[in-house]
Amino acid sequence: MRSIVVLLTKYSALVKAIFYKKRFFNALSTVVSYILKKDRFLALPLFVQIEPTNRCNLNCSLCITGLGKLRRPKRDMSFREFTQIIDQFEESIIYLVLYNLGEPLLNTQLYDMIKYAKKKKIFVRLSSNGYFTEKKHIKDIVNCGLDELIISLDCVSPQNYLKYKNSHSFYDVINNIELIIKERKGKHGPFINVQLLLIRDNEEDISQFRCLVRRLGVDKGLIKKPRVNFPGVIPDTSFLPLNSKYIRKSYKDFNRIRECIRPWISTVILSDGSVVPCCFDMQGEYNFGDTINLNFRQIWNSDRYILFRSQILTDSNHISLCQQCSVKDFFDNFVGRL
């Protein structure tokens with residue numbers, strides 16, 4: 001019953017976001033633009049991903065930040081920069097993904113960002129590794145208005161956690177999840193989703209993860225297939241599961257062609273305000289402009305963005321960013337939900 005209330009609250013917030021001001025008509029315009037394959041249009045993206053910081057407090061083995069391979073300077077986005085960006089999307093944005101690379105909770109202004117977005121009736125989703133020692137985060141996470149929280153636990157044993165994340169903080173994260181659930185008691189949110197990354201060492205742990213999800217009392221358990229290809233990093237295939245059904249299709253067939261709708265409906269803004277087409281551009285190589293100093297609408301309909309959309313329509317497999325893109329088979333990236 002408790003999870004049903006939280007789930008209804010989550011989708012209620014999403015519906016409110018869709019019908020706030022002119023967003024519904026903007027969404028219709030966006031869909032029509034994609035169907036007609038227009039590369040220049042009046043509508044703005046419905047889904048925006050903003051990176052609060054590219055710093056992290058863990059060193060995960062399948063992350064270019066954790067591996068020290070991120071070439072972008074470490075930086076936190078300021079609250080002023082965030083509000084300046086959000087104000088440009090007020091009549092379009094429905095869904096805000098408030099993470100990319102880095103651990104969002106390291107940005108001391110994160111909760112102010114969430115509160116500001118919620119004043120604009122935007123659905124806000126946050127992903128965290130769940131590792132923090134300052135317990136004030138417990139109350140802030142529950143009371144800031146956040147709609148959905150993903151906690152990337154990724155492993156179900158301290159041994160595998162140490163091997164993959166190079167950290168002894170497994171039980172600290174478990175304790176933080178329990179405290180968040182306790183703090184949320186009697187409230188309607190946020191919806192809490194704990195994630196397992198099904199690397200080779202974890203592929204026999206699905207039943208154990210299922211038991212952990214039930215014991216913790218979170219709303220959903222998500223089992224994700226690993227990604228091993230990153231820009232500037234030699235793929236470490238040793239993390240791929242032995243069972244082929246747990247491997248993403250993009251690692252089985254490199255020539256699969258899929259249309260991509262992302263350049264029409266979404267965008268990603270890095271911690272320095274740079275606009276890139278999607279989360280696969282971790283290094284910011286396809287930088288279309290600086291939304292802190294430029295109006296986003298100019299960037300959205302710039303010659304470079306238009307050319308990129310045209311290339312997507314022609315053959316996305318010839319774009320280096322799109323090669324081995326697992327978003328083309330999005331639902332294949334997950335084993336299941338508990």
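Each remark here, short or long, concerns the structure printed above.
The rules behind each value
- Residues numbered from 1 in each chain as written.
- Predicted model: local features only at pLDDT ≥ 70, side-chain atom pairs only at ≥ 80, totals over all residues.
- Heavy atoms only, no water.
- Helix = DSSP H or I, 4+ residues; strand = E, 2+ residues; numbered from the N terminus.
- Buried < 20%, exposed > 50% of the residue type's maximum accessible area, 1.4 Å probe, protein only.
- Contact = heavy atoms within 4.5 Å.
- Areas by Shrake-Rupley, 256 points an atom, 1.4 Å probe, with all protein chains shown as cover.
- Lys, Arg positive; Asp, Glu negative; His and termini not counted.
- Charge placed at Lys NZ, Arg CZ, Asp CG, Glu CD.
- Axes fitted to C-alpha atoms, helices over the stretch in contact; angles between N-to-C directions.
- Parallel < 35°, antiparallel > 145°, perpendicular 65-115°, else oblique.
- Nonpolar A, V, L, I, M, F, W, Y, C, P; charged D, E, K, R; others polar.
- Left-handed = near helix turned anticlockwise from the far one by under 90°.
- Pairing = 2+ DSSP bridges.
- Right-handed = clockwise from strand over helix to strand, strands pointing away.
- Salt bridge = Lys/Arg side-chain N within 4 Å of Asp/Glu carboxyl O.

Q: What exactly am I supposed to notice about the overall build of the protein chain here?
A: Assigned secondary structure in the protein chain consists of eleven helices and nine strands. In terms of its C-alpha atoms, the protein chain occupies a principal-axis envelope of roughly 50 × 45 × 35 Å. When the 338 residues of the protein chain are sorted by exposure, 58% land in the buried category. Sequence separation of at least 24 residues holds for 72% of the intrachain contacts in the protein chain that already meet a minimum separation of 6. Taken as a whole, the protein chain presents about 15400 Å² of accessible surface, with 55% of it coming from carbon and sulfur. For the protein chain, the separation between the mean place of its 51 positive charges and that of its 33 negative charges on side chains is 4 Å.

Q: Got a minute to help me understand the packing of helix α7 (residues 170–184) against helix α8 (residues 206–216) in this structure?
A: Describing two packed helices takes the angle between their axes plus the distance from one axis to the other. Two numbers describe how α7 lies on α8: the axes approach to 10 Å, and their chain directions differ by 40 degrees. Viewed along their axes, α7 and α8 adopt a mutual orientation that is oblique. Together, Ile174, Ile177, Glu178 and Ile181 of α7 and Leu212, Arg215 and Leu216 of α8 make up the contact between the two elements. Classifying every residue of the contact of α7 with α8 gives five nonpolar, no polar and two charged.

Q: For this particular structure, what's the right way to read the packing of helix α3 (residues 79–88) against helix α4 (residues 110–119)?
A: Where α3 contacts α4, the two axes come as close as 10 Å, and the packing angle between them is 20 degrees. Relative to α4, α3 is oriented roughly parallel. Of the two elements, α3 crosses α4, and the hand of that crossing is right-handed. When α3 is examined against α4, the residues Phe79, Phe82, Thr83, Ile86 and Asp87 are found in contact with a partner set consisting of Asp112, Met113, Tyr116 and Ala117. By residue class, the composition of the contact of α3 with α4 is six nonpolar, one polar and two charged.

Q: Honestly, the pairing of strand β6 (residues 220–224) in this entry has me stumped. Any pointers?
A: Here is the key point about a regular strand: its side chains alternate between the two faces of the sheet. Of all five residues in β6, four are buried, a share of seventy percent or more. Judged from the five bridges that link them, strand β5 (residues 191–197) and β6 form a sheet pairing that is parallel. Across the sheet, the residue bridging to Leu196 is Ile223, located in β6. Running through α8, the crossover from β5 to the neighbouring parallel element β6 is right-handed.

Q: I tried to follow the pattern of salt bridges on my own but got confused; where do I start?
A: If the charged atoms of two oppositely charged side chains come close together, the side chains can form a pair. Under the definition given, this model contains 17 salt bridges. The partner of Asp140 in a salt bridge is Lys136, and the shortest N-O contact between them spans 4.0 Å. Placement of both Asp140 and Lys136 in helix α5 (residues 136–143) is noted, with a separation of four residues, approximately one turn of the helix. Asp140 gets classed as partly exposed once you look at its relative accessible area, which sits at 27%. Taking relative accessible area as the criterion, Lys136 reaches 47% and is therefore assigned partly exposed.

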